[in-house]
Amino acid sequence: MNRTPVPAPTPAPEPTPDAVRRLVRALLFDDAAPGPGPDVRPVREQGGRFTWWVGRRHVLRLARDREASLRQRRELRLRDLVRPFVGGAVPMSVAQGEWVSGLAFTLDTSVPGVSGEEQAVSALGEADLADLLTGLREVPVRQAETLGVPRTPPRSLEALRASAVRAAGRLPAEEFDPARFDQLAAPAAVQLGAQPGAAVLVHHGLLGEHLVVSPDGRVRGVLDWTGAVTGDPAEDIAGLALAVGAPAAVRAATLAGYGARPCLRGLWLARCDTVIRLGDRLHDRDSGQLSLLEAQLARAWESILLERVTDLRDAPDEAP
């Protein structure tokens, strides 16, 4: 049977400063007022020319295709659901709509601070992260899924470890010592399987670039909720290990009430991921910035007090 070929989606036009200025001027100012309009400049580290600073108080995010538009509209609804549980960590949208036909935008308030890649998190910042993990666990999963947040099954740490061990064997000796995986024997990876009934709302991108940190090390905001899922809470512990280091991530998760099993599971998810991604990057299968991947690997492999996975049959999943 002949099938009519489906045309490729039309790419979004490249946003220009003038087009962005006109849009923002119509939203925040009298469009007929004289003058050059608001100061706009692209946020290059977050989406290229589809994310823009607007003065000092706002950020404009333009969806580049219809799939991104769907995720952005879902994110706006999800942020409203999450905000009562995690407080001021979630940005506010002051305007939303379409910047061209079918493509969404949101104009958000900017959160004062800098990227977590530029500023270390203090002890008080770790407490902020603990509050975030606690709040995410309290968000009603059914309500999140009603908004369209997908449920994601937990990953097999056993399979991930096997992939990471293979990747480690291809890395230069000066980059990584494969013997470090001796701390996670294959049977231990099985012990750290996700526990049934543990699904929570997961940000799924708690990386340094999505944490807004103040000069005193407090976490003042968490950006980009478009990748949120319901599923394994260890994924957010893993993200924090990449962002703030293994010891700080485990301390924050413990403060949030997570026990040894999810903390160790998150730690080893992060460690395996960093080795696999670094191997892919060195073999041109990942476009990630090499210096960032190396920094994330170093953070995830920082030593913690409980390094080896011992018998966890009687270990609680959550602190009492």
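One structure accompanies this document, and this report is about it. For every chain, the first residue of the written sequence is number 1, and numbering continues from 1 along that sequence. Where totals are concerned, whole chains, interfaces and linings use all residues; where local detail is concerned, this predicted model gives features only for residues with pLDDT of at least 70, and gives and counts side-chain atom pairs only at 80 or more. Values reported for side chains reflect all heavy atoms of the structure, with hydrogen atoms and water molecules removed beforehand.

**Re the overall build of the chain**
Worth spelling out the cut-off: A run of H or I in DSSP counts as a helix once it spans at least four residues, and a run of E counts as a strand once it spans at least two, with each numbered from the N terminus. Burial here depends on accessible area, computed with a 1.4 Å probe over protein chains only, as a share of the maximum for the residue type. Under 20% is buried, over 50% is exposed, and the range in between is partly exposed. All accessible areas in this document rest on Shrake-Rupley with a 1.4 Å probe, and a residue is counted as covered only by the protein chains that are shown.
Along the backbone of the chain there are 10 helices and 10 strands. Within the chain, buried positions represent 48% of all 320 residues. Accessible area of the chain: about 16,100 Å², with a carbon and sulfur share of 54%.

**Structural notes on the sheet that holds strand β1 (residues 40–42)**
Definition in use: We call two strands paired when DSSP finds no fewer than two bridges between them. In this analysis an axis means a line fitted to C-alpha atoms, helices contributing only their contacting stretch, and an angle means the value between N-to-C directions, from 0 to 180 degrees. The criterion used for residue contact is that any of the two residues' heavy atoms lie within 4.5 Å.
Pairing in this open sheet of 5 strands is antiparallel, and the strands run β1-β2-β3-β5-β4 from one edge to the other. Here the strands that pair on one side only, and so sit at the sheet edges, are β1 and β4 (93–100). On average, each strand axis in the sheet is inclined to that of its neighbour by 25°, with strand direction left out of account. Both strand β3 (residues 58–62) and strand β5 (residues 103–109) contribute to a ladder of 5 bridges, which runs antiparallel. Along β5, the bridge assignment pairs H58 with T109. Packed onto the sheet, helix α1 (residues 17–28) meets β1, β2 (51–54), β3, β4 and β5 and runs at close to 120° relative to β3. Lying over the sheet, helix α2 (residues 66–86) contacts β3, β4 and β5, oriented at roughly 40° with respect to β5.

**Quick notes on helix α8 (residues 246–255)**
Every buried residue belonging to α8 is among A246, A248, A249, V250, A252 and A253, and all of these are buried. The inward-facing, buried residues of α8 contact α3 (123–138), α7 (234–244), α9 (260–282) and α10 (290–300). One or two positions beyond α8, positive phi appears at G257, with a value near 100°.

**Examining the pairing of β2**
In the sheet, β1 pairs with β2 via 3 bridges, with the strands oriented antiparallel. When the sheet's bridge partners are listed, V40 is paired in β2 with V54. Bridge analysis of β2 against β3 gives 4 bridges, and the strand direction is antiparallel. Paired with W53 across the bridge in β3 is V59. The loop that links β2 with its antiparallel partner β3 comprises 3 residues; one of these, G55, has a positive phi angle of about 60°.

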